[in-house]
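Spelled out from the first residue to the last, the chains are:
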Amino acid sequence: MTTKLTLTMEDGVIDSAKKYARQKGKSLSDIVENYLKSISTHEVTTQDLSPKVARLKGIIKLPEDFDYKKEIGTALVKKYR
């Protein structure tokens, strides 16, 4: 079920957010919803990580289209050839 939500923010923020959404090919609602999901689930998962791992989380920045399964497959093929 979806529910309508009204937010109040500065015009410049809204314009920038709409431009960003257009560039990503998504709706602004999708972006806001995914952001809220990420921050609400982040708290739960961070508690389960050790302090060392939690500090390392997010250090590496990968492209959005990065396919880790493909990279693992490529590395395994190299290793066992």
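Thresholds applied
- Residues numbered from 1 in each chain as written.
- Predicted model: local features only at pLDDT ≥ 70, side-chain atom pairs only at ≥ 80, totals over all residues.
- Heavy atoms only, no water.
- Salt bridge = Lys/Arg side-chain N within 4 Å of Asp/Glu carboxyl O.
- Helix = DSSP H or I, 4+ residues; strand = E, 2+ residues; numbered from the N terminus.
- Buried < 20%, exposed > 50% of the residue type's maximum accessible area, 1.4 Å probe, protein only.
- Patch = residues over 30% accessible without salt bridge, like charges linked within 9 Å, V, L, I, M, F, W, Y side chains within 5 Å.
- Areas by Shrake-Rupley, 256 points an atom, 1.4 Å probe, with all protein chains shown as cover.

1. Points about the pattern of salt bridges
Then, number 1: Summed over all chains, the structure comprises 2 salt bridges.
Then, number 2: Glu 64 serves as the salt-bridge partner of Lys 24, at 2.9 Å between the closest nitrogen and oxygen. Here Lys 24 is found in helix α1 (residues 11–24), whereas its partner Glu 64 is found in the loop between α3 (51–56) and α4 (68–80), with 40 residues between them in sequence.
Then, number 3: Classification of Glu 64 by relative accessible area gives exposed; the value is 67%.
Then, number 4: Where Lys 37 meets Glu 33, a salt bridge forms, and the shortest distance between an N and an O atom there is 3.4 Å. Of this pair, Lys 37 and Glu 33 both sit in helix α2 (residues 28–48), 4 residues apart, roughly one helical turn.

2. Let's talk about the environment of Ala 17
Then, number 1: Tracing the backbone shows Ala 17 in helix α1.
Then, number 2: With 32 residues separating them in the primary sequence, Ala 17 and Leu 49 have C-alpha atoms 32 Å apart.

3. Looking at a nonpolar patch on the surface
Then, number 1: Judged by side-chain polarity, Leu 56, Ile 59, Ile 60, Leu 62, Phe 66, Tyr 68, Ile 72, Leu 76 and Tyr 80 come together as a nonpolar surface patch covering roughly 1000 Å² of accessible area.
Then, number 2: Considering each element in turn, the nonpolar patch owes the most residues, 4 residues, to α4.
Then, number 3: In this structure, Tyr 80 sits in helix α4.
Then, number 4: Tyr 80 gets classed as exposed once you look at its relative accessible area, which sits at 62%.

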